[in-house]
Structure formats: C-alpha cells, structure tokens
Amino acid sequence: MNSFLGLPVWFFATYIFLIGLCCGSFLNVVILRGLSGEEFVKSRSKCPKCNNQLTWYMNIPLFSYIFLKGKCAFCKEKISIQYPIVELVCGLLFLCSYFIFGLTLKTLFLCFIFFFFIALCVTDYLEQVIIDYHAYILAIIGFIGSFLNVFDINWVQSLIGALVGFFFFEILARIGCLTVKHRFFGEGDSLITLALGAIFGAKALLVIIPLSFLIQTFFAIPMLSIKAFKENKKQLAFGYFIVLLSIIACFCVNYFNLFKNDNHYLVFVVLISLLLFYSLKNILAELRLKAEQNEQNPDENNFNLMPFGPALVYAGFLVIFWFDEIKLAIKFCLY
Ligand SMILES: [Zn+2]
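Residues numbered from 1 in each chain as written. Predicted model: local features only at pLDDT ≥ 70, side-chain atom pairs only at ≥ 80, totals over all residues.

A. Region of interest: the overall build of the protein. Counting secondary structure elements, the protein contains eleven helices and zero strands. Each helix and strand of the protein, placed in order from N terminus to C terminus, yields the pattern α-α-α-α-α-α-α-α-α-α-α. Dimensions of the protein along its principal axes, counting C-alpha atoms only, are 70 × 50 × 35 Å. Looking at the protein as a whole, 31% of its 335 residues qualify as buried. Sequence-distant contacts, at least 24 apart, represent 67% of the contacts inside the protein between residues at least 6 apart. (Helix = DSSP H or I, 4+ residues; strand = E, 2+ residues; numbered from the N terminus. Buried ≥ 20, exposed ≤ 12 C-beta atoms within 10 Å, placed from the backbone. Contact = placed C-beta atoms within 7 Å.)

Here you go:
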C-alpha cells in the first residue's frame, strides 16, 4: 500500500470503497439486464412494482437501502436484499485489492475481474444461468492483463490456460453423457474455466479446479442432502451425507496421520470404499432420473445436474488473495 501525492491512505481507501459501491450499483443493472436480455437503455431507474421514477437520493448505493429501510419510498414494496449485498461486496472487494496490491495497475485489473466474478455468481445463483459474454469479457481482461505484464503469466500462457480450462471441463462435463446421459456440468462452467485459465494460466488451474470441488463439497453437498431429506428421499440424503463424511474422513486421516498400522488403514479404505460405492449408486440413480425427467420436459432443459459456477468463481476469488497458501494446502491433501 503506497500513499500517493502526499495524500493519506484512508483518503484513497474511502474513495475506492465508494467507487466500488457505485460499480456494485451498476453491476445490479448489468445482472438484471443480462438475465432479462434487455438492451442497455439510458433511462432513470424505476420501481419494478409501481413504476415510479426514483429520485437521486433513492438511488445512492447501499445508503438509500438503509435510509428507506429496504422499501420503495412510494409503494412500500420490499426491495430485494440482493441490491445492497452486491453493492457492499463490490465495495469491499475493491477495498481489499487496494489494501493488498496498492495503487497499481493490478488493482485496476482486479476490480474489473471482481466485477464480472460477482456477476457470474449472482446470475448462476438466481437463475442457474451463466451469461456467455460475462465469461468472454473476463477472458479478454485476463488476456490483456497478461499481455501488459500485470499478472504473473505472459500472453502465451494466458492463451494456453484458456484452451486447457475450456477443454478440460468440457471433457469432464461430457463424461456425464456416457454415465447418466446428461452433461455433469452446464456449458457455462466450461466458459468460466476458460476465463479462469486466461487470467491465471494452466498451472494455476491445478489449484483452482480441486479447490472448487472442495468448496462444492462443503457447501452444495450438505444442501443437497437436506433437500433430499425434505423430499423424503432418505436413502439419497444418506448417500450425500456419506460422501461428505468420507471426504472429511480421508482428509483427517491424511492430515493427522491417524493410522500408524497399515492393516487398520486397509480396513478403513475398504469400509469407506464400500460406503461410497453404495451412496454413489443412489446418487447416480437420482441424477439419471433427473436427466430423464429433463428429457420429457424440454421446456426446463436449461438446468444442469450440478450447478458448479459459483464454486469455480469462489476458488478464483480465494486464489487471487492466497494463491501460495492454497497451493501448499492442495498439494498437501491431494498430490
Ligand atoms: Zn414502488
């Protein structure tokens, strides 16, 4: 962090945080227009319920939401909490990149990257959709950044990273077609790995992809398990639970070196494998059922079996700030 022109650090910090809030506000528009397919038209924002035009003081990022207590000033309709959250997250991430990388070109590039990272997460979270051009713009930012030597890789590595990311995930997704007759991951996820490859390079993908699977394990699998339990699919809920437990158990065994005796270790591996085989059988059966239902209702054909976009993007976020630490941890657990 460097002070500039004799101005104190807090001055830039406040300024960058406010820019982040404003970008977040614009990002909300980008997300909504992206999802609804609307063109960017220059018009004042309106309340979606009562259509009243918002005046300037109802349009201040974050603060308006707080002052209006989350309701439209005219019709008192609740305003979605998504707006202030996106604004705040954008502001905080801009601030983080300033604190870590200072007033540099890298910070500027990171701000652009964060902007589209959040866009990918929110659209995938809201409607399980990845907007193609968000990923393409990210890839272009990565390519230009490496061309200008902003990142640790050069433009050739960036290009190779993009290709490796795309084809690796595309192949992984299509393995699903062989086993459950449906892609394991949506087309959007391959585009995200294309973008991540262009930003970080192919080597970093060796860290990012396993990390994203770990994130998916700890966030999505418990949710899937609870969902299955609520739908009264107890076997399936148990299956997901076993998968999660097995991963944690394997991690603990390696990390704490629990089995000094090889025979005990062998028993552990056989037990875990049997349990995993049983639960994966249930999970694959459920996925096959879902894929079949999906074929019968082509209207809902845009769903994918494992929404994976957010996990990939979170891994990207983490790698920006803690690449070396995460690299060590992943190496330790997996390789
Ligand atoms: Zn209203």
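B. Inspection of the domain arrangement of the protein at higher detail. Taken as a whole, the protein is organised into domain 1 (1-103) and domain 2 (134-334). In this structure, domain 1 and domain 2 have C-alpha centres spaced 31 Å apart. (Domains from an automatic or database assignment.)

C. Broad picture of unusual backbone geometry. Non-glycine residue Leu 62 carries a positive phi angle of around 60°. Following the sequence through the fold, Leu 62 ends up in the loop between helix H1 (9-36) and helix H2 (63-67). On the neighbour-count criterion, Leu 62 (20 C-beta atoms within 10 Å) is buried. Positive phi, close to 65°, is recorded for Lys 76, a residue that is not glycine. Along the chain, Lys 76 falls in the loop between H2 and helix H3 (82-101).

D. Summary view of the environment of Ala 13. Mapped onto the secondary structure, Ala 13 falls in helix H1. Remark: the alpha-carbon pair of Ala 13 and Tyr 98, spanning 85 residues in sequence, is separated by 7.2 Å. If we skip the residues at most four places from it in the chain, Ala 13 touches Leu 95 and Tyr 98.

E. Molecular detail of the packing of helix H4 (residues 105-127) against helix H5 (residues 132-147). Put simply, H4 and H5 touch, their axes get as near as 10 Å, and they point 160° apart. Taken together, H4 and H5 sit at an angle that is classed as roughly antiparallel. For the crossing formed where H4 meets H5, the hand is left-handed. Every residue of H5 that contacts H4 at Phe 109, Phe 112, Ile 113, Phe 116, Ala 119 and Leu 120 is listed here: His 134, Ala 135, Ile 137, Leu 138, Ile 141 and Gly 145. Considering only residue class, the contact of H4 with H5 consists of ten nonpolar, two polar and no charged. (Axes fitted to C-alpha atoms, helices over the stretch in contact; angles between N-to-C directions. Parallel < 35°, antiparallel > 145°, perpendicular 65-115°, else oblique. Left-handed = near helix turned anticlockwise from the far one by under 90°. Nonpolar A, V, L, I, M, F, W, Y, C, P; charged D, E, K, R; others polar.)

F. Looking closely at the nonpolar core. Judged by nonpolar contacts, the single largest core of 62 residues is most densely connected at Cys 90, Ile 118, Ala 195 and Ile 208. Of all the secondary structure elements, the ones that give two or more residues to this core are H1, H3, H4, H5, helix H6 (155-179), helix H7 (187-200), helix H8 (202-230) and helix H11 (309-334). In terms of residues, this core owes the most to one element, H4, which gives twelve residues. Composition of this core by domain shows at least three residues from each of domain 1 (1-103) and domain 2 (134-334). Not counting chain neighbours up to four residues away, the residues in contact with Cys 90 comprise Gly 20, Leu 21, Cys 23, Gly 24, Leu 27, Phe 114, Phe 115 and Ile 118. (Core = buried A, V, L, I, M, F, W, Y, C linked by C-beta atoms within 7 Å.)

G. Representation of the environment of Pro 222 in the model. You can see Pro 222 is positioned in helix H8. Taking the number of C-beta atoms within 10 Å as the measure of exposure, Pro 222 has 13 and is therefore partly exposed. Along the chain, Pro 222 and Phe 241 lie 19 residues apart, while their C-alpha atoms are 6.9 Å from each other.

H. Fine view of helix H9 (residues 234-256). Between its first and last C-alpha, H9 extends 32 Å over 23 residues, near the 33 Å set by a 1.5 Å rise per residue. Taken as a whole, H9 has its buried residues at Leu 236, Gly 239, Tyr 240, Ile 242 and Val 243. Contacts made by the buried residues of H9 are with H8 and helix H10 (262-296). After H9 finishes, the residue Asn 257 shows a positive phi value of roughly 50°. (Expected span 1.5 Å × (residues − 1).)

I. Expanded view of H4. Taking 1.5 Å per residue as the helical rise, H4 with its 23 residues ought to reach 33 Å, and the 34 Å between its terminal C-alpha atoms agrees with that figure. Just beyond H4, the residue with positive phi is Gln 128, at close to 50°.

J. The arrangement of the confidence of the model for the protein in detail. When pLDDT is averaged along the protein, the result is 85; 93% of the residues meet or exceed 70. For the protein, per-element mean pLDDT is lowest for H9, which scores 82, and highest for H5, which scores 94. (pLDDT = per-residue confidence, 0-100.)

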